[in-house]
Each structure stands twice: as C-alpha cells, then as structure tokens.
Amino acid sequence: MGEVAVLGAGMHPWGKWGRNFVEYGVAAARAALTDAGLDWRDIGSVVGADTVRGGYPGYVAGATFAKALGWQGARVTSVYAACASGAQAVAAARAQILSGLADVVLVVGADAAPKGFFRPAGGDRADDPDWLRFRVLGATNPAYFGLYARRRMAVHGDTPDDFAQVKVKNAAMGALNPNARYRKRVTAEEVAASAVVADPLRLLDICATSDGGAALVLSSLGFARRHGRAHPVRIRAVSTVTPRYPNTVLDLPDIATDSAVAVDPPGETFRVSIARAAYEEAGVGPEDLSLAEVYDLSTALELQWYEDLGLCGEGEGVKLLRDGATALGGRIPVNASGGLASFGEAVPAQAIAQVCELAWQLRGEAGDRQVAGARVGISANQGLFGHGSAVIAVR
C-alpha cells in the first residue's frame, strides 16, 4: 500500500486529571508538532479519534482539536471505532497522504474517562450488543475478562500466578515511562493480595480507566526528505479487518457466537486475522519483530495476544512469558511502554499511544526502557463490534 513517515510523536501523561479531554489532546498535538519540527500552520489535515463521552464536542473530535489549536483551514476528519479509534485515525491519515490529498497530517486522540469501569450510554437499545451484554447479561468488562481468563485456564492450563507475572513484567517497564499513570513495580504476591474483581482476576490483573492524550504527525516520504528526515520511522501497514463467519471464540462485546454445528470452524480467530493482514501488507512476519505493543485489558488477554501475533504457538504464551522472552532484554519485548497495566484506558488515544511508543523505540529514544537494536514493531488491539487494529512500523 505504500509507506508514510512518522515525523512526530507526542503524549499528555496518563492519569486522573479532572480536566476536559481537549486539553490533553492539544498538549499531545503540540508535543508531536515540536517533535516534528513543524508549526501548526504547516499541517494540511487533522484526523481526530472521537471521544463519545465528552458530549456533542466529542463527536466532532477532529474539528474540536483544530479549533483549540487555532482555525487555519486544514482538512478535517473524525473517526470512531471504540478502542480501535486510534488505528482507524492512522489509517485515514495514511490514505490521505498516499492519495495526495495532504502531505502532512496530524492524528490526535484524547479522553477524560469516568471513574470506575466503563458502562454503556443511557437509553434502551435492544439492537446494541454492548447494551445487551451489560443490561441483560450483567456482563461488565471485568466479567468478560474473567471469562476469557477462565477459558485459558481450561484450555491451556494457565494459572492465576501466570497472569500475575504479566502484571509484574508490565509494571517494571511502566516504572521507567514518564508518561505512565502507574510507575511502581509490583510483586506477584501483591497481585494475589489485591481484591478479586472477576474470578480469577484480581484488581491488579485489570487495567484502570484514565485521562490522557496522544498524537502523531505523519507525512509523505517526500515531505520528510524535504524537511531533513532522510531515514524516518515509517508506517508500513495498518490492519483494520473485521471478523469472518463463523466466529466461535467470544470477543467483546458479542457474547453469543456463530454456530459451528453445520459450518466448519474457521482456520483462525478474529485477532489472529488482524495480525495476519498486517504481516501480509508489510511483507514481514513475527520472526522479524523487535517489539510489540498489545492491548492488555487484562493480564490473561496479553498472554492471548502472544499467540494471536504468532510470537509462539497456541497455548505457549505462559512459557514465552516465564522464559523472559517478552521482558525488556528478552527476544521480543511486549509492552515495553508498560501497557494498559501502567497507563489505563484512555480509549481514543491508546492505539495512537502504541504507535508513539513504536516510534520512540525505533528511533532509539525510549530511555531506560529502550529495546536494543529495534527495527520492526507491531501494535495490536481491537475495538467493539469487530474493529481490527494493528500497525506495523519500521526503521
């Protein structure tokens, strides 16, 4: 499909700051512009990842950020794909650049999340699977995470201590990240001593909800060269695929699955297909990766991503973790940023934040959490209702 350059990356630190999401997005955007060495007036297009909890302004996030930065006539786009919103925003920006609609694009997302776990918006919506699983089944996000953890225990023999070790690893890396909300190492004993939220998962197994923002400045390779960036980090692939029938493994928020009684089960799950599409477009495989940033809503879900990305075989995620392969200094560090375990969810910003981390790592600018010799990185997550999300960046 063609590559685009990552000229700038910026973030507003994650936390619970009690301010409007626009402030976080503007701070991240200005940091990305400074990193790119560009002025806001140089930007030809703005792509905003929507924040739906912010009321009306949240639904027009692109224009909201453009107004806050100062009207200057840039093209504007707004996207919403729940947790995949950031990847969709990157995909829209890349399409504009490759089509010639814009030479340089600002991608920005930010959130001011509510206290506690997410819940659906008010009103009755019997055709909304997210509303149904909350209101009819009582299946909150942690309940879903717990079900997935139980599935891994039943199918692969994973244990609560295995899950705890994911938190131990991510907390150690998050402690090195100045943008992380939680910057304290934890032990497996501390995880085990935290309150049970959705058996077998405890409080420290599950990510929090947070405020924060992230932004990227993307450009054509020609623009990058003209502005002194002969060898920039490049986005080589963006995967935004949807599931295929039949879908026999539970994926949030669809609690019901397609029947495989009369149809052969699929050769791969939805998340496996997300990674495969990215690898095929980029012309690389899991063996080429230097690092991965994955969507660790819970510790158990991170283990699943190891297998879905092809970092190991099915059921071998725990072995990869226990061997130290996914830790800093290991064969394939996963969530060197600290992951959602250290950041929490700021929904429209998190897929953008993943790409920021890839950019800093591939430039060699990640400080104490630097992955030595990083050349190829992948980010992966998924959004409600079948929004795939994976980005491959190279140096």
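Conventions and cut-offs
Residues numbered from 1 in each chain as written. Predicted model: local features only at pLDDT ≥ 70, side-chain atom pairs only at ≥ 80, totals over all residues. Heavy atoms only, no water. Salt bridge = Lys/Arg side-chain N within 4 Å of Asp/Glu carboxyl O. Helix = DSSP H or I, 4+ residues; strand = E, 2+ residues; numbered from the N terminus. Buried < 20%, exposed > 50% of the residue type's maximum accessible area, 1.4 Å probe, protein only. 1 Å grid on protein atoms, 1.4 Å probe; cavity = no way out; pocket = protein on both sides within 12 Å on 5 of 7 lines; lining within 4 Å. Points joined across faces, edges and corners; volume = space filled by probe spheres on them. Nonpolar A, V, L, I, M, F, W, Y, C, P; charged D, E, K, R; others polar.

Per an unreviewed UniProt entry, the chain goes by Lipid-transfer protein and derives from Streptomyces coeruleofuscus.

1. Here we look at the pattern of salt bridges
Scanning the model with the defined rule gives 21 salt bridges in all. One salt bridge in this structure joins D199 and R150, with 2.5 Å as the shortest N-O distance. Of the two residues, D199 sits in the loop between β5 (196–198) and β6 (201–202) while R150 sits in helix α5 (residues 141–156), which places them 49 residues apart along the sequence. Residue R150 is classed as partly exposed on the basis of its relative accessible area of 39%. E302 is paired through a salt bridge with K169; the nearest N and O atoms lie 2.9 Å apart. With E302 in helix α10 (residues 299–308) and K169 in helix α6 (residues 160–174), this pair connects stretches of sequence that are 133 residues apart. In this pair, the class of E302 matches that of K169, namely buried. The structure contains a network of salt bridges with shared partners spanning E3, R234 and R236.

2. Some points on empty space enclosed by the protein
If you roll a probe as big as a water molecule over the atoms, it shows you where there is empty space left. As enumerated under the stated definition, the model contains 3 cavities of 30 Å³ or more in all. Volume-wise, the largest cavity comes out at about 170 Å³. Forming the walls of the largest cavity are 19 residues, and the residues nearest its centre are E293, S337, Q350, A353 and Q354. Going through the elements one at a time, β1 (4–15), β9 (291–294), α12 (339–343) and α13 (347–363) are the ones with two or more residues in the lining of the largest cavity. Sort the elements by how many residues they give to the lining of the largest cavity and α13 lands first, with 5 residues. Reported here for the second largest cavity is a volume of approximately 60 Å³. In terms of lining residues, the second largest cavity is bounded by 14 residues, among which D205, D296, S298, T299 and A341 are the most central. For the lining of the second largest cavity, the secondary structure elements donating two or more residues are α6, α10 and α12. In terms of residues, the lining of the second largest cavity owes the most to one element, α6, which gives 3 residues.

3. Some details on the layout of surface pockets
If you add up the space inside the largest pocket, you get close to 760 Å³. In this structure, the largest pocket is lined by 34 residues; those nearest its centre are R53, Y80, R119, D130 and L384. For the lining of the largest pocket, the secondary-structure elements that each account for two or more residues are α4 (129–135), α5, α10, α13 and β10 (376–383). Residue contributions to the lining of the largest pocket peak at 3 residues, all from α4. What lines the second largest pocket is a set of 20 residues, among which K167, Y182, L203, L204 and A208 lie closest to the centre. Residue assignment for the lining of the second largest pocket shows that the elements contributing at least two residues are α6 and α12. Classifying every residue of the lining of the second largest pocket gives 10 nonpolar, 3 polar and 7 charged.

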